[in-house]
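# Remarks on the overall topology
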Amino acid sequence: TSETNFSGKKIVITAGPTREKIDPVRYITNHSSGKMGYAIAEEAVRTGAEVVLISGPVSLQAPKGVRLINVESAEEMYHAVMKEYTNAHVVIKTAAVADYRPKIIHEHKVKKQPGEQALELERTKDILYELGKEKKDQILIGFAAETEHVAEYAQIKLMKKNADMIVANNVKSDGAGFGTDTNIVTLIKRNGVSIELPLMSKKEVAVKILEEAANLLRDELQ
Ligand code: PMT
């Protein structure tokens, strides 16, 4: 992104899954590898920005030049994001945050018992929604991982969460979504413009997202 210049600007990026504990040996999570978010963080460093990467548990190395904050649960991610939000210029929410967590975290390992076992879940905080509520002049970019009606659901997310752009990916398409080195995304902007991108490396997708983020920030500051 030689043209995209974010020097003097702070970009906060979330990446990876969250982990919601059941007991000391078990947890609920998802398939996010962190690759998409880490690629954005790496490219963001190249734009000259101050980059804060808030990451759930992944097995990737943090790109050089980023300030890495490791978190585990959705609740921890929420607090870390809120703390970094106030003086951020751009926030990119790539993380696959759990929507539900076990209602009770058992202090000891739950022992096997005869018969069926139910797990009671409660909602986690919707971080993107909370950010949207508090937004001043930050640019807020969310992701949407869908398996059907991708553009339609992404458009609803954009409005409901007061975001400036949603990066929608159909996680069922080959070469897109979780774990791969590539992705297929559509960038859906608030002004009704949407940009459908072909299969690209996550690095190339990152460059496109940052280009659009720079356009949005420029419009905001005008
Ligand atoms: O990590 P990789 O293996 O490279 O995979 C990349 C990816 C598929 C994880 C990524 O491209 C992606 O789609 N990330 C968003 C996944 C997701 O949780 O989507 P969602 O539609 O459930 O959430 C929508 C948005 O709300 C996301 O920006 C999410 O960060 C945010 N959210 C969701 C739940 C919650 N409690 N708080 C949130 O802020």
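Since the structure is predicted, the reported quantities are computational estimates derived from the model, not experimental observations. (Residues numbered from 1 in each chain as written. Predicted model: local features only at pLDDT ≥ 70, side-chain atom pairs only at ≥ 80, totals over all residues.)

### A short note on the pairing of strand β9 (residues 139-146)
Note the cut-off: Around each residue's C-beta, the other C-beta atoms within 10 Å are counted; 20 or more make the residue buried, 12 or fewer make it exposed, and counts in between make it partly exposed. All C-beta atoms are placed from the backbone. Numbering of helices and strands runs from the N terminus, with a helix taken as a DSSP run of H or I at least four residues long and a strand as a DSSP run of E at least two residues long. Should DSSP find at least two bridges between two strands, the strands are taken to pair. When the strands point away from the viewer and the path from the first strand over the helix to the second turns clockwise, the crossover is right-handed.
For β9, the tally of buried residues reaches seven of eight residues, placing the bulk of the element in the interior. The pairing of β9 with strand β10 (residues 165-170) spans six bridges and is parallel. From the neighbouring strand, A144 faces β10, where its bridge partner is A168. Taken together, β9, helix α4 (residues 150-160) and β10 form a β-α-β motif whose crossover is right-handed.

### Digging into the sheet that holds strand β1 (residues 10-15)
Heads up, the rule is: A fitted line through C-alpha atoms represents every axis, and for helices the fit uses only the stretch in contact; the resulting angles, taken between N-to-C directions, go from 0 to 180 degrees. By the convention adopted here, residues are in contact when the distance between their C-beta atoms, placed from the backbone, does not exceed 7 Å.
Pairing within the open sheet is mixed, and its eight strands lie in the order β5-β4-β1-β6-β9-β10-β12-β13. The strands lining the two open edges of the sheet, one partner per strand, are β5 (67-70) and β13 (194-196). Strand-to-strand twist across the sheet, computed as the mean angle between neighbouring axes with direction ignored, equals 15 degrees. Those strands touched by α4 are β9, β10, β12 (185-189) and β13, and its axis lies near 150 degrees from that of β10.

### So, the site of the ligand
What counts is decided by this rule: Throughout this description, a residue near a molecule or strand is one whose C-beta atom, derived from the backbone, lies within 6 Å of it. Side-chain classes are defined by residue name, with Ala, Val, Leu, Ile, Met, Phe, Trp, Tyr, Cys and Pro counting as nonpolar, Asp, Glu, Lys and Arg as charged, and the others, Gly among them, as polar.
Neighbouring residues of the ligand: 26 residues in total, closest S33, K35, M36, I127 and F143. Sorting the residues of the shell around the ligand by element identifies α1 (35-46), α3 (127-134) and β9 as the ones contributing at least two each. A per-element tally of the shell around the ligand places β9 first, with four residues. Partitioned by chemical class, the residues of the shell around the ligand number 12 nonpolar, nine polar and five charged.

### With respect to α3
What sets the pattern is the α-helix's 3.6 residues per turn: residues three or four places apart point alike. Here is the rule we go by: For this quantity, the arc is that covered by the directions from the helix axis to the C-beta atoms.
Inspection of α3 places I127, L128 and L131 among the buried residues, and these make up the whole buried set. Taken end-on, α3 shows its buried residues confined to a sector of 100 degrees, consistent with a single buried face. Buried residues along α3 sit in contact with α2 (74-85), β6 (90-93) and β9.

### Quick notes on the nonpolar core
What counts, and what does not: Put simply, a nonpolar core is a cluster of buried Ala, Val, Leu, Ile, Met, Phe, Trp, Tyr and Cys residues tied together by C-beta atoms within 7 Å.
In terms of nonpolar packing, the biggest core is built from 59 residues, with I11, I13 and I141 touching the most fellow members. The element that contributes the greatest number of residues to this core is helix α5 (residues 202-221), accounting for seven residues. Not counting residues within four places of it along the chain, the set of residues in contact with I13 comprises G37, I40, A41, A44, V51, L53, I92 and T94.

### What to know about the packing of α2 against α3
Selection criterion: To sort the angles, those under 35 degrees are grouped as roughly parallel, those over 145 as roughly antiparallel, those from 65 to 115 as roughly perpendicular, and the leftovers as oblique. In this scheme the handedness of a crossing depends on how the near helix is turned from the far one: anticlockwise by less than a right angle means left-handed, clockwise means right-handed.
Relative orientation of the contacting elements α2 and α3 amounts to 25 degrees, with a least axis distance of 10 Å. It follows that α2 is roughly parallel to α3 by the angle criterion. Judged by the sense of rotation from one axis to the other, the crossing of α2 with α3 is right-handed. Counting all contacts with α2, which are made through M77, Y78, V81 and Y85, the residues of α3 involved are I127, L131 and E134. Looking at the contact of α2 with α3 residue by residue, the class counts come to six nonpolar, no polar and one charged.

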